[in-house]
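Next come the chains, spelled out residue by residue.
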2 protein chains.
Amino acid sequence: MGKIGAMAESWHVAEDKEEGREGRPPGFRAGPAARLLRVKGVFPMLKGELHNPFIAYETWGELNAARDNAVLLFTGLSPSAHAASSVEDPRPGWWEDMIGPDKPIDTRRYFVICVNSLGSCFGSTGPASVNPNTGNPYRLSFPRLTLEDVANAGLEVVRSLRIERLFATVGASMGGMTALAFCLLHPGLSRSLLCISSATHSLPFAIALRSLQREAICSDPAWQGGAYPLGREPVTGMRLARKLGMITYRSAGEWDVRFGRERSAEPRGGGSLFQVGFEVESYLEAHAERFIGSFDANCYLYLSRAVDLFDVADHGGTVEKGLRRIVLERALVVGVESDVLFPLRQQEELADGLRQVVSDVRLTSLPSIQGHDSFLIDMDRFRPVVGEFF
Amino acid sequence: MGKIGAMAESWHVAEDKEEGREGRPPGFRAGPAARLLRVKGVFPMLKGELHNPFIAYETWGELNAARDNAVLLFTGLSPSAHAASSVEDPRPGWWEDMIGPDKPIDTRRYFVICVNSLGSCFGSTGPASVNPNTGNPYRLSFPRLTLEDVANAGLEVVRSLRIERLFATVGASMGGMTALAFCLLHPGLSRSLLCISSATHSLPFAIALRSLQREAICSDPAWQGGAYPLGREPVTGMRLARKLGMITYRSAGEWDVRFGRERSAEPRGGGSLFQVGFEVESYLEAHAERFIGSFDANCYLYLSRAVDLFDVADHGGTVEKGLRRIVLERALVVGVESDVLFPLRQQEELADGLRQVVSDVRLTSLPSIQGHDSFLIDMDRFRPVVGEFF
């Protein structure tokens, strides 16, 4: 956690919890290292607005005197702002290998800020938060969310820390799109961009998969049109959605190596007659069980839809024209050969588009077999690539 | 329909319908060209047995005097025996382009038999059929189904037609596995094998997808543990399962060309807030709507699981050893580059294994972009390949 001095608008979750003002339900709060920024007044969104929303974030390292060593990190769809451990929260973060002293993003040199996405449920205001104007959770009355809104929520944090220029903006998967949105909306605010396993827009295959994940949730009677009691999630739909996610976040090749046709315990009666006979089925079940209860269903729906809706072409008519708005000193685009959600050709498209206006654009293609999620797993391949960028 | 003379055990559905003996529910019957074979007495299965089951099939062309021009065709998971039109049933069949006079499988030369899979719901006995011993539908009391059982049900038809040797056994997808099972169980009974977009066993990725399709059905409260009233299907689960199927039966590349990011009508309220904004979503919805109500959910579950369970290795300890049991004069293995369910390397494995014991094995790889379902769609590429085989 950076010692960045007192800020009138920002406080620790621990303090905030006492006040209980943010109205987040039990189990849906940020970790002990998170800070909460309350945006005062109206926060305009692309398709609506919020009043006094919270933005949760964590930081590592220290902002230097020139305030020019900040790295802004946007997350994928489901992680919190807890990207790495710290004294205040020693639990390993979702990018633990990447952020810290002597790590690829070296916190002895850089001040790293990771933002919990607007619309998520780990401290930032989202559909599971209480609408201060009504006293009830937003649920489906939350405005339609776009990744531009998520990017602008990140900007609020940057401004609150009195940072005028970022050393780098970083994101993978949805976070890469958000980082792109940030650079489109605020040209020149970041000196560099690191965009991993992301894209200028979603392809129909990825849209279809996410659409089906959302349909699984909305088809669950327990979803109740979004009005499920908080804490009584539509777990059946969430389980299906998460399993489908796992199937597409990884790669067929990895699973061939990993599971082959190993069978686990013989299934018994009822629905399980058709389930959990193979190791791969048990693996999905275990992963889904961990996810259920940790993520709010409506938040998931909003963020998932935001990924579908994002399109650089909305910023200029075509992807090519949109990317021309960007002002950066350099960019690194990283893709993975086995990624089926954001395939390599999308990284090539992004790198080519950036080359129109950015003089130093590199494209790195990694042969990881873990598919889209490789940036979370194949650290031996990702560490040197990210390290070189920083 | 072949004029193959009267058979004591076989009659038209029209006659059978009057008798009403097979107990199939409304809407789950074979077409007017289908014949029904009643297997008398006990039909042994790998993991159980059936009493007096029906096997539905259709035929085209005529059996020659030597009775050596018969082609046995097994289907994919969901089609009926209606592979092609005929005088009795002029509706186009699922392989209409392939079967008929002057078509690749020329019915002026060959007598073609297409069998509705045991366990399906288009005339053959399956979980939706009435168990003659109880008077109630089998539902989940139907014995565990394997593709070996489906193959043996095909053998019953072959025997009832007094055919001692087949000119060829043909199948695509699940039908290809069934054709393989047939050749494994009855070496030499078929002179040749045409196996399309199939495999010696399923890979974890394909198992995971089918497992999720089944879970979507079993998670639907309307499934009622398999006890849903016939005609009141778990349509929500079936819709999800079908959409997931469509996503994996086709290819990402095809959809890029076909849909891009076209949006259809703007979605409205409720669950549809998160659905049907893109053309690809509307396309899936339309396909799912056609499927729902035409296929019984329990039958789907049984057949889907049978595909997962099939493994040539069960016939000899390893795939290689299993394939050595096969006796054929020649085989053609056809695969499609964009197939993610049964990828090309599986066709290579199959062809290599067959080459151990079959002198004339060819492997054809097609660059179709329609993925696993190409054999149903990309007829310009498939017609010449199948035609050359015949």
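The structure displayed is predicted, hence computed values, not measured ones.

(A) Just the overall build of chain A, in detail. Across its full length, chain A carries 12 helices and 13 strands. By residue count, 65% of the 390 residues in chain A fall in the buried class. Taking as baseline every contact in chain A between residues at least 6 positions apart, the subset at least 24 positions apart corresponds to 71%.

(B) Geometry of the packing of helix α5 (residues 235–249) of chain A against helix α4 (residues 204–219) of chain B. Remark: α5 of chain A packs on α4 of chain B, axes separated minimally by 10 Å, with the N-to-C direction vectors making an angle of 165°. It follows from the interaxial angle that α5 of chain A and α4 of chain B lie roughly antiparallel. Relative to α4 of chain B, α5 of chain A is oriented so that their crossing is left-handed. Residues Thr-236, Arg-239, Leu-240, Lys-243, Leu-244 and Ile-247 of chain A of α5 of chain A form the contact with α4 of chain B, whose participating residues are Phe-205, Ala-208, Leu-209, Leu-212, Glu-215, Ala-216 and Ser-219 of chain B.

(C) Quick look at the interface of chain A and chain B. Every contact between the two is made by 55 residues of chain A and, on the other side, 55 residues of chain B. Together, the buried faces of chain A and chain B total about 4,500 Å²; carbon and sulfur atoms form 65% of this surface. Along the contact surface separating chain A from chain B lie eight salt bridges. For the salt bridge of Glu-281 of chain B with Arg-305 of chain A, the shortest nitrogen-to-oxygen distance reads 3.4 Å. Taken together, the links from chain A to chain B amount to 10 residue pairs in polar contact (both at pLDDT 80 or more). When contributions to the side of chain A that touches chain B are tallied by element, the ones reaching two or more residues are α4 (204–219), α5, α6 (252–258), α7 (279–291) and α8 (297–309) of chain A. For the side of chain A that touches chain B, the leading source of residues is α4 of chain A, giving 12 residues.

(D) Representation of the pattern of salt bridges. What the rule picks out here adds up to 50 salt bridges over all chains. Arg-210 of chain A is paired through a salt bridge with Asp-308 of chain A; the nearest N and O atoms lie 2.6 Å apart. Taken together, the positions of Arg-210 of chain A in helix α4 and Asp-308 of chain A in helix α8 put the pair 98 residues apart, joining distant regions of the chain. The burial state of Arg-210 of chain A is the same as that of Asp-308 of chain A; both residues are buried. Salt-bridge contacts for Glu-329 of chain B lead to Arg-165 of chain B; the nearest nitrogen and oxygen are separated by 3.6 Å. You can see Glu-329 of chain B sitting in the loop between α9 (319–323) and β12 (330–336) and its partner Arg-165 of chain B sitting in the loop between α2 (147–160) and β10 (168–172), a full 164 residues away along the chain. A single network of salt bridges, built from pairs that share partners, joins Arg-210, Arg-214, Arg-305 and Asp-308 of chain A together with Glu-281 of chain B.

(E) Representation of the pairing of strand β4 (residues 48–51) of chain A in the model. Taken together, the four bridges between strand β3 (residues 42–45) of chain A and β4 of chain A define a ladder with antiparallel strand orientation. Within the sheet, the bridge partner assigned to Val-42 of chain A lies in β4 of chain A and is His-51 of chain A.

(F) Layout of the packing of α4 of chain A against helix α7 (residues 279–291) of chain B. At their nearest, the axes of α4 of chain A and α7 of chain B sit 9 Å apart, and the two run at 60° to each other. As the angle between them shows, α4 of chain A and α7 of chain B are arranged oblique. Crossing geometry of α4 of chain A relative to α7 of chain B is assigned as right-handed. Touching Pro-204, Ile-207, Ala-208, Ser-211, Arg-214 and Glu-215 of chain A of α4 of chain A are Val-280, Glu-281, Leu-284 and Glu-285 of chain B, all from α7 of chain B. Counted by class, the contact of α4 of chain A with α7 of chain B contains five nonpolar, one polar and four charged residues.

(G) Spatial organisation of the nonpolar core. Grouped together as the largest cluster of nonpolar side chains are 194 residues, with contacts concentrated most on Ile-113 and Phe-295 of chain A together with Ile-113 and Phe-295 of chain B. Ignoring sequence-local partners within four residues, the contact set of Ile-113 of chain A consists of Tyr-57, Glu-58, Thr-59, Ala-70, Val-71, Leu-72, Leu-73, Val-157, Leu-161 and Ile-163 of chain A.

(H) Up close: the relation of the copies chain A and chain B. Aligned on chain B, chain A shows an RMSD of 0.0 Å; the corresponding rotation is 180° and the shift along the axis is 0.0 Å. Given the turn and translation reported, the copies of this chain are related as if by a two-fold rotation axis. Same-surface contact between copies: 100% of interface residues of chain A are shared with the interface of chain B.

(I) Highlighting helix α12 (residues 379–389) of chain A. Residue and element names in this part refer to chain A. Listed in full, the buried residues belonging to α12 are Met-379, Phe-382, Val-385, Val-386 and Phe-389. The arc that holds the buried residues of α12, viewed along the axis, is 135°, so those residues lie on one side. Every exposed residue of α12 that faces more than 90 degrees away from the buried side is listed here: Asp-380 and Glu-388. Contact partners of the buried residues in α12: β8 (105–106), β10 (168–172), β11 (192–196), β12 (330–336), β13 (360–366) and α11 (374–377).

(J) Layout of the pairing of β3 of chain A. Along β3 of chain A, the buried face is formed by Phe-43 and Met-45 of chain A; none of Val-42 and Pro-44 of chain A, which line the opposite face, is buried. Between β3 of chain A and β4 of chain A, which pair antiparallel in sequence order, lie two residues.

(K) Main features of the side chain of Thr-75 of chain A. Here Thr-75 of chain A lies in the loop between β6 (70–74) and β7 (99–100). When its relative accessible area of 1% is taken as the criterion, Thr-75 of chain A is described as buried.

(L) Structural context of unusual backbone geometry. Even without a glycine there, the phi angle at Arg-162 of chain A is positive, about 55°. Even without a glycine there, the phi angle at Asn-52 of chain B is positive, about 50°. One can find Asn-52 of chain B in the loop between β4 (48–51) and β5 (54–60). Here Asn-52 of chain B falls in the partly exposed class, since its relative accessible area comes to 30%.

(M) Examining the side chain of Asp-149 of chain A more closely. All names here are of chain A. Considering the arrangement of structural elements, one finds Asp-149 in helix α2 (residues 147–160). Despite being buried, Asp-149 has no salt bridge partner; Lys-47 is the closest side chain of opposite charge, sitting 8.9 Å away. Within the local environment of Asp-149, its side chain forms a polar contact with the backbone nitrogen of Leu-46, the two atoms lying 2.7 Å apart. Among all residues touching Asp-149, those that are not within four sequence positions of it are Phe-43, Met-45, Leu-46, Leu-118 and Arg-144.

(N) The packing of aromatic side chains, seen in detail. Counting across every chain of the model gives 30 aromatic pairs over all chains. Summarising the aromatic geometry, the rings of Phe-295 of chain A and Tyr-300 of chain A are spaced 6.3 Å apart at their centres and angled 85° between planes, so their arrangement reads as edge-to-face. Exposure class is identical for Phe-295 of chain A and Tyr-300 of chain A. Each is buried. In this structure an aromatic cluster arises from ring pairing among Tyr-110, Phe-167, Phe-389 and Phe-390 of chain A. When the ring centre of Phe-389 of chain A is taken as origin, the NZ or CZ atom of Arg-330 of chain A, which lies over that ring, is 4.2 Å away. Positioned above the aromatic ring of Phe-291 of chain B, the side-chain terminus of Arg-242 of chain B is 4.2 Å from the ring centre.

(O) Geometry of the confidence of the model for chain A. Residues and elements named next belong to chain A. Summarising the model, chain A shows a mean pLDDT of 88, and 89% of its residues fall at 70 or more. In the model, residues 1–28 has pLDDT below 50 throughout and makes 73 contacts with residues more than four positions away in sequence or in other chains. For the stretch residues 267–271, pLDDT sits under 50, and the model shows 12 contacts to residues farther than four places along the chain or on other chains. Both scores are available for the predicted complex, with the pTM at 0.89 and the ipTM at 0.86.

(P) Spatial organisation of the state of the cysteines. One pass over the full model with this rule turns up zero disulfides over all chains. Take Cys-299 of chain A: it sits in no disulfide, and the sulfur closest to it among the cysteines is that of Cys-121 of chain A, at 4.5 Å.

What counts as what
Residues numbered from 1 in each chain as written. Chains lettered and ligands numbered in written order. Predicted model: local features only at pLDDT ≥ 70, side-chain atom pairs only at ≥ 80, totals over all residues. Heavy atoms only, no water. Helix = DSSP H or I, 4+ residues; strand = E, 2+ residues; numbered from the N terminus. Buried < 20%, exposed > 50% of the residue type's maximum accessible area, 1.4 Å probe, protein only. Contact = heavy atoms within 4.5 Å. Axes fitted to C-alpha atoms, helices over the stretch in contact; angles between N-to-C directions. Parallel < 35°, antiparallel > 145°, perpendicular 65-115°, else oblique. Left-handed = near helix turned anticlockwise from the far one by under 90°. Buried area = accessible area lost by both parts, 1.4 Å probe. Salt bridge = Lys/Arg side-chain N within 4 Å of Asp/Glu carboxyl O. Polar contact = N/O pair within 3.5 Å; in protein donor to acceptor, adjacent residues only side chain to side chain. Pairing = 2+ DSSP bridges. Nonpolar A, V, L, I, M, F, W, Y, C, P; charged D, E, K, R; others polar. Core = buried A, V, L, I, M, F, W, Y, C linked by side-chain atoms within 4.5 Å. Least-squares fit on C-alpha atoms with pLDDT ≥ 70 in both. Arc of directions from axis to C-beta. Lys, Arg positive; Asp, Glu negative; His and termini not counted. Phe/Tyr/Trp six-rings, centres within 6.5 Å; stacked < 30°, edge-to-face > 60°. Lys NZ or Arg CZ within 6 Å of the ring centre and 35° of its normal. pLDDT = per-residue confidence, 0-100. Disulfide = S-S within 2.5 Å.

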